[in-house]
Amino acid sequence: MYCPKCRTEYREGFRECSDCQVPLLPGAPPPEPASKFDPDLDLVIVLETNDAIQLAMAKGMLQDAGIPFFVLGQIATLIQDVDPFLHKWVRLQVPRDREKEARKLVEALQSAPATDQPE
């Protein structure tokens, strides 16, 4: 017997998970799904920036396109939150097999004209 929600195993005789309050299923829990993270993944840098807005927009575009990404140096942005005059550089990385697609998105972002601000 096991809980389908938290995957805790129970002895026979139990009917409900004491933590989740859901009915138990017979047998052993199925094996854990494979992790989405692959430590052997070949990552390439598609953007280096110290502009938090540009980084946020690039991350949003990659996420919308379903391209996995990793921000190298993202912890440095926390320092910038404390001291806004420190503009730490971060690197946006993607898997090599999605590099072309990611570069097109990032290049479109970098070449977009700046919006005119009223004076």
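Scroll up a little and you will see the structure.
Since the model is a prediction, treat every value here as computed from it, not as a measurement.

Chemist: Describe the packing of helix α1 (residues 52–64) against helix α3 (residues 99–111), naming the residues involved and giving the relevant values.
Modeler: Two elements in contact, α1 and α3, have axes whose closest approach is 10 Å; the angle formed by their N-to-C orientations is 140°. Taken together, the axis directions place α1 and α3 in an arrangement best described as oblique. Between α1 and α3 the crossing geometry is right-handed. Here Gln54, Met57, Ala58, Met61 and Leu62 of α1 come into contact with α3, specifically with Ala102, Leu105, Leu109 and Gln110.

Chemist: Give a description of the sheet that holds strand β1 (residues 43–49) that names residues and reports values.
Modeler: Strand order in the open sheet formed by 3 strands is β1-β3-β2, with antiparallel pairing between adjacent strands. On the outer flanks of this sheet lie β1 and β2 (70–72), each paired with one strand and no other. Across this sheet, the average inter-strand angle for adjacent strands is 30°, counted without regard to direction. Across the face of the sheet, α1 comes into contact with β1, β2 and β3 (90–95) while running at roughly 10° to β3. Packing of α3 onto the sheet brings it into contact with β1 and β3, and relative to β1 it is tilted by some 5°.

Chemist: Hey, could you go over the nonpolar core for me, with residue numbers and the actual values?
Modeler: The biggest cluster of nonpolar side chains holds 14 residues, and the ones touching the most others in it are Val46, Leu62, Leu92, Val94 and Ala102. Those elements that place two or more of their residues in this core are β1, α1, β3 and α3. With sequence-adjacent residues up to four places away left out, Ala102 is seen in contact with Val46, Leu62, Ile67 and Val94. In terms of nonpolar packing, the next biggest core, distinct from the first, is built from 5 residues, Met1, Cys3, Tyr10 and Cys17 among them.

Conventions and cut-offs
Residues numbered from 1 in each chain as written. Predicted model: local features only at pLDDT ≥ 70, side-chain atom pairs only at ≥ 80, totals over all residues. Heavy atoms only, no water. Axes fitted to C-alpha atoms, helices over the stretch in contact; angles between N-to-C directions. Helix = DSSP H or I, 4+ residues; strand = E, 2+ residues; numbered from the N terminus. Parallel < 35°, antiparallel > 145°, perpendicular 65-115°, else oblique. Left-handed = near helix turned anticlockwise from the far one by under 90°. Contact = heavy atoms within 4.5 Å. Pairing = 2+ DSSP bridges. Core = buried A, V, L, I, M, F, W, Y, C linked by side-chain atoms within 4.5 Å. Buried < 20%, exposed > 50% of the residue type's maximum accessible area, 1.4 Å probe, protein only.

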